[in-house]
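Coordinate analysis (summary)
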Amino acid sequence: MVKIESSTAVVLDDSGTITVAELVEQSGLSEDELAVLVDCGALEPREREGASWRFSAHCVVTARTARRLRDDFALDDTHALAILLRLMQRIENLELELRRRRWER
Amino acid sequence: MRYKDYYATLGVARNASEDDIKKAYRKLARKYHPDVSKETDAEEKFKEVSEAYETLRDKEKRAAYDELGRHAPGEQFQPPPGWERSFGEQPSGGGGSFSFDDIDLADLFAGLGGRARGGPRRPDMPIPGQDFEAAVRISFDQAYKGTEVEFDMSVAEPDDNGVLRRVPRKVRVRIPKGVTSGQKLRVPGKGGKGINGGRDGDLYLDIDVQTHPLYRAEGLDLYMDLPLAPWEAVLGASVEVPTPAGRVTLKVPPGTQAGRKLRLSGRGLARPDGTSGHLYAVAQIVVPTVVDERQRALYGELRDQTAFDPRAHMV
């Protein structure tokens, strides 16, 4: 009989924070790539004290999307990746707004 | 184990350069990636080309793949004798033998490399386990109260001797209350097993909450339509309304216009940390479609007795 492994899921939203090292581990992006995404505004650290940045847990979702896009399209240019990510975020926000307006109609 | 011709999948020659392989892959990714493709079998095609690229872009994996020899696609085959000693994981307990029957080519090469890009790999280098992703569809009630879901997985993982085998796993995951559609959840350590002391991968869940006939969620806030009779909207009323936690009485102020949001504080979704949203009842004015003689007369009297002009601003 297969043993059941039990665990509790962690919601990746703005209520929790993670360190840069945790974001590197969970996203599969390097610290340098994360720094470029921060520079370009695709990722926003919640706390910026020296080298010890902290991010909202939701940044794991954004950074993993970046990693997926990087790998899926074999992208070499992290700046272009950051722009792509911001455009995708705009599309997501517009889709959300569209859904909201459809409800209100 | 069935053979897959990764070179043919990417449409390149076996002696293609790294650059040619990348170019071929990029072209196919643009054609078949599910985010951009309109092809009917795009997802399946993209899976095939990304599996091929994942192996051929990595020098070590490509060398290991080339050593498997050439076979017809789909043909059952065994790696040549000694292949596992050159490229596979080293059995740590000693005396272990390799079995290639219950795994596929993708499992075999996934175990050969880490997530880091480039660089040679030492035989004892820790390799983190793969992350898994799964879509989870739950009811509104489950999202409101929290729930448990079970996953039956069949995963390739090393046994006690380091031999890669496909094994069944059952994982039960507690989903906290207050989740909404589109949210991603992380279940630490429930992905693929790490190798050589590498950390276990994680399981990521994409939440999809079924549409509820009354409530729609926006973050932790909930919205529902509140149909009101014209006299309730004009005169005000106390109406009984449903909420996810049970029925409550809501006071509708006199002169309530359609679209006005009446807030039921703290009646939205709640997180385990105690933060909660509100439930908004959005007023809708609903008129009776059938009126009898007496009612028609009363409406006529109302019309004659009032100077109200809803189109005054259009004059």
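This one's a predicted model, so the numbers in the text were calculated from it and none came from an experiment. (Residues numbered from 1 in each chain as written. Chains lettered and ligands numbered in written order. Predicted model: local features only at pLDDT ≥ 70, side-chain atom pairs only at ≥ 80, totals over all residues. Heavy atoms only, no water.)

**Structural notes on the overall build of chain B**
- Secondary structure assignment for chain B yields nine helices and eleven strands.
- Taken against the 2.2 N^0.38 rule, which gives 20 Å for 315 residues, the C-alpha radius of gyration of chain B at 31 Å runs more than 25% over that of a compact globule.
- Along the first, second and third principal axes, the C-alpha atoms of chain B reach 100 × 40 × 35 Å.
- By the burial criterion, 40% of the 315 residues in chain B qualify as buried.
- Within chain B, counting contacts between residues at least 6 apart in sequence, those at least 24 apart form 58% of the total.
- Carbon and sulfur atoms provide 49% of the accessible area of chain B, an area that totals close to 17900 Å².
- Looking at chain B, you have 48 positive and 48 negative side-chain charges, and the mean spots of the two groups are 4 Å apart. (Helix = DSSP H or I, 4+ residues; strand = E, 2+ residues; numbered from the N terminus. Rg over C-alpha atoms; globule rule 2.2 N^0.38 Å. Buried < 20%, exposed > 50% of the residue type's maximum accessible area, 1.4 Å probe, protein only. Contact = heavy atoms within 4.5 Å. Areas by Shrake-Rupley, 256 points an atom, 1.4 Å probe, with all protein chains shown as cover. Lys, Arg positive; Asp, Glu negative; His and termini not counted. Charge placed at Lys NZ, Arg CZ, Asp CG, Glu CD.)

**Some thoughts on the interface of chain A and chain B**
- Taken together, the contact between chain A and chain B spans 31 residues of the former and 39 residues of the latter.
- When chain A packs against chain B, close to 3200 Å² is buried across both sides, 50% of that on carbon and sulfur atoms.
- Among the residues chain A hides against chain B, the three largest losses belong to Glu5, Phe73 and Trp103 of chain A. Together they make up 20% of the total.
- At the surface where chain A touches chain B, the tally comes to nine salt bridges.
- Asp131 of chain B serves as the salt-bridge partner of Arg64 of chain A, at 2.9 Å between the closest nitrogen and oxygen.
- Those elements that place two or more of their residues in the side of chain A that touches chain B are strand E1 (4–8), strand E2 (10–11), helix H1 (20–27), helix H3 (59–72) and helix H4 (78–104) of chain A.
- With eight residues, H3 of chain A is the largest single contributor of residues to the side of chain A that touches chain B.
- The residue inventory of the side of chain A that touches chain B, partitioned by class, reads 13 nonpolar, five polar and 13 charged.
- In this sheet, strand E4 (residues 184–187) of chain B lies alongside E2 of chain A in antiparallel orientation, the contact comprising two bridges. Note on E4 of chain B: the bridge partner recorded for Val11 of chain A is Leu185 of chain B. (Buried area = accessible area lost by both parts, 1.4 Å probe. Salt bridge = Lys/Arg side-chain N within 4 Å of Asp/Glu carboxyl O. Nonpolar A, V, L, I, M, F, W, Y, C, P; charged D, E, K, R; others polar. Pairing = 2+ DSSP bridges.)

**Section: the environment of Pro213 of chain B**
- Within the element layout of this structure, Pro213 of chain B appears in the loop between strand E5 (203–209) and strand E6 (216–218).
- Considering only alpha carbons, one finds Pro213 of chain B and Glu51 of chain B, 162 residues apart in sequence, at a separation of 42 Å.

**Overview of the sheet that holds strand E5 (residues 52–56) of chain A**
Residues and elements named next belong to chain A.
- As summarised here, the arrangement of the three strands in space is E3-E5-E4, forming an open sheet in which the pairing is antiparallel. Edge positions in the sheet fall to strand E3 (17–19) and strand E4 (47–49), since each of these pairs with one other strand and no more. Here the average twist between neighbouring strands, direction ignored, is 20 degrees.
- Across three bridges, E4 lies against E5 in antiparallel orientation. If you follow Glu47 over to E5, its bridge partner there is Arg54. (Axes fitted to C-alpha atoms, helices over the stretch in contact; angles between N-to-C directions.)

**Focus on the pattern of salt bridges**
Residues and elements named next belong to chain B.
- Per the stated rule, a full pass over the model turns up 31 salt bridges over all chains.
- Across the pair Arg172 and Glu150 runs a salt bridge, and its minimum N-O distance is 2.8 Å. Highlighted residues: Arg172 in strand E3 (residues 164–175) and Glu150 in strand E2 (residues 147–158), separated in sequence by 22 residues.
- Where Arg186 meets Asp202, a salt bridge forms, and the shortest distance between an N and an O atom there is 2.9 Å. Taken as a pair, Arg186 in strand E4 and Asp202 in the loop between E4 and E5 lie far apart in primary sequence, 16 residues in all.

**Points about the pairing of strand E10 (residues 261–264) of chain B**
Residues and elements named next belong to chain B.
- Only one face of E10 is buried: it carries Leu262 and Leu264, and the other face, with Lys261 and Arg263, is open.
- Pairing geometry for E10 and strand E11 (residues 279–285), over four bridges, is antiparallel. Considered in E11, the bridge of Lys261 is made with Val282.

**Here we look at the confidence of the model for chain A**
- Per-residue confidence for chain A gives a mean pLDDT of 90; residues scoring 70 or more make up 96%.
- Within chain A, no element has a lower average pLDDT than E4 of chain A, which sits at 77, and none a higher one than E2 of chain A, at 95. (pLDDT = per-residue confidence, 0-100.)

**Things to note about the nonpolar core**
- Ranked by internal contacts, the top residues of the largest apolar core, which has 52 residues, are Leu23 of chain A together with Leu10, Tyr65, Leu105 and Phe109 of chain B.
- The contacts of Leu23 of chain A, once residues within four sequence positions are left out, are Ile18, Gly28, Leu34, Leu43, Phe55, Cys59, Val60 and Ala63 of chain A.
- Counting 41 residues, the second-largest nonpolar core is a separate cluster that includes Val171, Leu205, Ile207 and Ala237 of chain B. (Core = buried A, V, L, I, M, F, W, Y, C linked by side-chain atoms within 4.5 Å.)

**A short note on the packing of helix H3 (residues 42–56) of chain B against helix H4 (residues 59–67) of chain B**
Residue and element names in this part refer to chain B.
- The N-to-C vectors of H3 and H4 enclose an angle of 105 degrees; their axes lie 6 Å apart at closest approach. In terms of their interaxial angle, H3 and H4 are classed as roughly perpendicular. In contact with Glu54, Thr55 and Leu56 of H3, H4 contributes Lys61, Arg62 and Tyr65.
- A breakdown of the residues in the contact of H3 with H4 according to their chemical character gives two nonpolar, one polar and three charged. (Parallel < 35°, antiparallel > 145°, perpendicular 65-115°, else oblique.)

**Examining the environment of Ala134 of chain B**
Residues and elements named next belong to chain B.
- On the secondary structure map, Ala134 appears in strand E1 (residues 132–138).
- When the C-alpha positions of Ala134 and Asp58 are compared, they lie 27 Å apart, and in sequence the two are 76 residues distant.
- Discounting chain neighbours no more than four positions away, the residues touching Ala134 are Phe151, Leu203, Tyr204, Leu205 and Asp206.

**Observations concerning unusual backbone geometry**
- If you check the backbone angles, Ala74 of chain A has positive phi at about 50 degrees while not being a glycine.
- Here Ala74 of chain A is to be found in the loop between H3 and H4.

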